[in-house]
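# Survey of secondary and tertiary structure
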Amino acid sequence: MYLYNSLSHKKELFQPNSPDIVKMYTCGPTVYHYAHIGNLRTYIMEDVLEKSLRYLGYNVKRVMNITDVGHLASDADTGEDKMLKGAKRENKTVMEIAQYYTDAFFADCDKLNIKKPDVVEPATNCIDEYIHMVQTLLEKGNAYLAGGNVYFDTSTLEKYYVFNDHDEEDLNVGVREGVEEDSNKRNKNDFVLWFTKSKFEDQALKWDSPWGVGYPGWHIECSCISMKHLGEDIDIHAGGIDNAFPHHTNEIAQSESFLGHKWCNYWFHVHHLNTDTGKMSKSKGEFLTVSLLEQKGYNPMAYRLFCLQSHYRRNLVFSWENLDNAVVAYDKLVAKIATLQDNGDVDANVLQALKERFVNALNGDLNTSLAITAVYDVLKAKTTDATKLAAIADFDKVLSLDLLKAANTVRKQQEQETAASADPEIDALVAARTQAKKDKNYAEADRIRDELKSRGIEIIDTPQGTKWRKV
Ligand code: AMP
Ligand code: ZN
């Protein structure tokens, strides 16, 4: 499989460190509010990546954190704590907020067929691990104490900006507009590993540490949670593109300084879901959730298809019109699948050829829109319905669009509609016509057909027998 690696800025042949297992880490949600459908685009594409790896024969161990502490309003360690902000907004405790929005997040994932990672770890579970890493970084000279906080010293690194070639002026996160520079920092991109002092309102959750009572920085949680469950090296680290800097850049800085060797080989970044006014984000106030889509009558599967129709490395523009187009595409696809009859034999050669197209799409840097085209190719193929159904069931292990389930529902609905319009008199006429055909009395059969037609009844001859419907 070829995957674009943000570290090398090119597509690379994916080779895990060990042939037995792919170790994958993904940044999880900050659970202070509902996930918006932009966040969920990232989780959908990560889900497709994980399922593709499994489909291609790899074992995968995937770990994800839940950020329930330490994420300040700005990714550059400034502003109010997001969890505290959520708690104040809803008059609840931070832990109540964390529990509520963690559950809400997984409920949304369920609706979108996003599989739960093998390990999900809340950040508040791993305080000992953070303290150990911070202590080691201090001992190694990669960190310093200033104004009661522990900072990572980015000047100790040979290269800090691993994902891009921008110079410091371009990526000056410490002094964003309206944000005061932290005078404790020796270098403007130094970041907090452990807070004991914040000039904003006091943290709700705090722990004892060698540097005083405080709480961890946001970046350190991903390094430690990953190492706790995946060891000293990982194959793939994934997240939204906004996480590349500073979050992932800082994760690499502290992890590799701590370990003394390379930490992660492939960095997978999903680009943003934008609206016509720019990136969808919670700080802008109104944002779209899966529940809101449902309230408006949208099937979450249509949103999943909408995401899969575009490549993960392109920004995707959300509009209701675009989503409506995805709904039409989904419904048409399902309707076509619903016409397939589950009979006949599977043609193994044809199935193999169809699968090859699908695999090629995945192998080409997770080209999901081409993978969807492979589904249409199945429907167009000159082969048995059984082969088509087998191919669609197989592809849906990765796409997770509930294609067969939805097709079954459509088929059942059609049957129910037919049953609901049952009429013994019409049934008797249809049976008489069938008998007339058997007796080769075609004149009589045609006469009955015409009579039914004059009563507004259409006859449909199917391999399962003759059906009728009111027109
Ligand atoms: P958060 O809960 O804010 O930490 O974000 C969760 C995930 O969603 C992260 O991987 C972000 O990079 C990603 N993300 C945030 N905004 C967007 C967006 N508009 N489109 C796609 N992914 C996003
Ligand atoms: Zn992270």
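Placed above this text is the structure.
First, a word on scope: everything that follows refers to the structure included in this document. (Residues numbered from 1 in each chain as written. Chains lettered and ligands numbered in written order. Predicted model: local features only at pLDDT ≥ 70, side-chain atom pairs only at ≥ 80, totals over all residues. Heavy atoms only, no water.)

### Comments concerning the coordination of the zinc ion (ligand 2)
The protein atoms that coordinate the zinc ion (ligand 2) are Cys27 (SG), Cys222 (SG), His247 (NE2) and Glu251 (OE), at distances spanning 2.0 to 2.8 Å. Positions of the donor residues of the zinc ion (ligand 2), expressed as sequence spacing, correspond to C-x194-C-x24-H-x3-E. In this pair, Cys27 sits in the loop between strand E3 (22–26) and helix H1 (37–55) while Cys222 sits in helix H5 (residues 218–230), placing the two residues 195 residues apart along the sequence. Since its relative accessible area comes to 0%, Cys222 is described here as buried. (Donors = N, O, S within 2.8 Å, 3.2 Å for Na, K, Ca; no water. Helix = DSSP H or I, 4+ residues; strand = E, 2+ residues; numbered from the N terminus. Buried < 20%, exposed > 50% of the residue type's maximum accessible area, 1.4 Å probe, protein only.)

### Here's the deal with the layout of surface pockets
Roughly 880 Å³ of volume is contained in the largest pocket. In this structure, the largest pocket is lined by 42 residues; those nearest its centre are Asn39, His71, Lys82, Asp242 and Lys279. The dominant element in the lining of the largest pocket, judged by the number of residues it contributes, is H1, at five residues. Looking at the lining of the largest pocket, its residues break down into 14 nonpolar, 19 polar and nine charged. (1 Å grid on protein atoms, 1.4 Å probe; cavity = no way out; pocket = protein on both sides within 12 Å on 5 of 7 lines; lining within 4 Å. Points joined across faces, edges and corners; volume = space filled by probe spheres on them. Nonpolar A, V, L, I, M, F, W, Y, C, P; charged D, E, K, R; others polar.)

### Side note on the nonpolar core
One finds Ile236, Tyr303 and Phe395 to be the most contacted residues of the largest nonpolar core, which totals 86 residues. Tallying contributions element by element places H1 first for this core, with nine residues. Residues within four places of Phe395 in sequence aside, it is in contact with Tyr55, Leu354, Lys355, Phe358, Ala374, Val375 and Val378. Counting 47 residues, the second largest nonpolar core, distinct from the first, contains Tyr25, Cys27, Phe195 and Ala244. (Core = buried A, V, L, I, M, F, W, Y, C linked by side-chain atoms within 4.5 Å. Contact = heavy atoms within 4.5 Å.)

### Notes on the side chain of His248
Mapped onto the elements, His248 comes out in helix H6 (residues 244–259). Residues in contact with His248, not counting those within four places in the same chain, are Cys27, Phe163, His237, Ala238, Gly239, Gly240, Asn243, Trp267 and His269.

### Some points on the sheet that holds strand E10 (residues 191–195)
A sheet is described by the order of its strands in space; here four strands give the open sequence E8-E9-E10-E11, paired in antiparallel fashion. Every interior strand has two partners, whereas the edge strands, strand E8 (143–146) and strand E11 (215–216), have only one. As defined by bridge partners, E8 adjoins strand E9 (residues 149–152) across four bridges and the pair is classed as antiparallel. Its bridge partner lying in E9, Ala143 is registered against Phe152. (Pairing = 2+ DSSP bridges.)

### A closer look at the pattern of salt bridges
In the structure shown here, the tally under the stated rule is 29 salt bridges. For Lys228, the salt bridge goes to Glu121, with nearest N and O atoms at 2.9 Å. Placement of the pair is Lys228 in helix H5 and Glu121 in strand E7 (residues 119–122), with a sequence separation of 107 residues. Accessibility expressed as a relative area gives 37% for Lys228, which makes it partly exposed. In this structure, Asp402 engages Lys405 in a salt bridge whose closest nitrogen and oxygen atoms are separated by 3.9 Å. It is possible to trace a salt-bridge network through shared partners that takes in Glu46, Glu50, Arg54, Arg62, Lys115 and Asp118. (Salt bridge = Lys/Arg side-chain N within 4 Å of Asp/Glu carboxyl O.)

### Regarding the packing of H1 against helix H12 (residues 385–399)
Where H1 contacts H12, the axes come no closer than 7 Å and their chain directions differ by 135°. By the angle between their axes, H1 is oblique relative to H12. Between H1 and H12, the residues in contact are Val48, Lys51, Ser52 and Tyr55 and Asp394, Phe395, Lys397 and Val398, respectively. A per-class count over the contact of H1 with H12 returns four nonpolar, one polar and three charged. (Axes fitted to C-alpha atoms, helices over the stretch in contact; angles between N-to-C directions. Parallel < 35°, antiparallel > 145°, perpendicular 65-115°, else oblique.)

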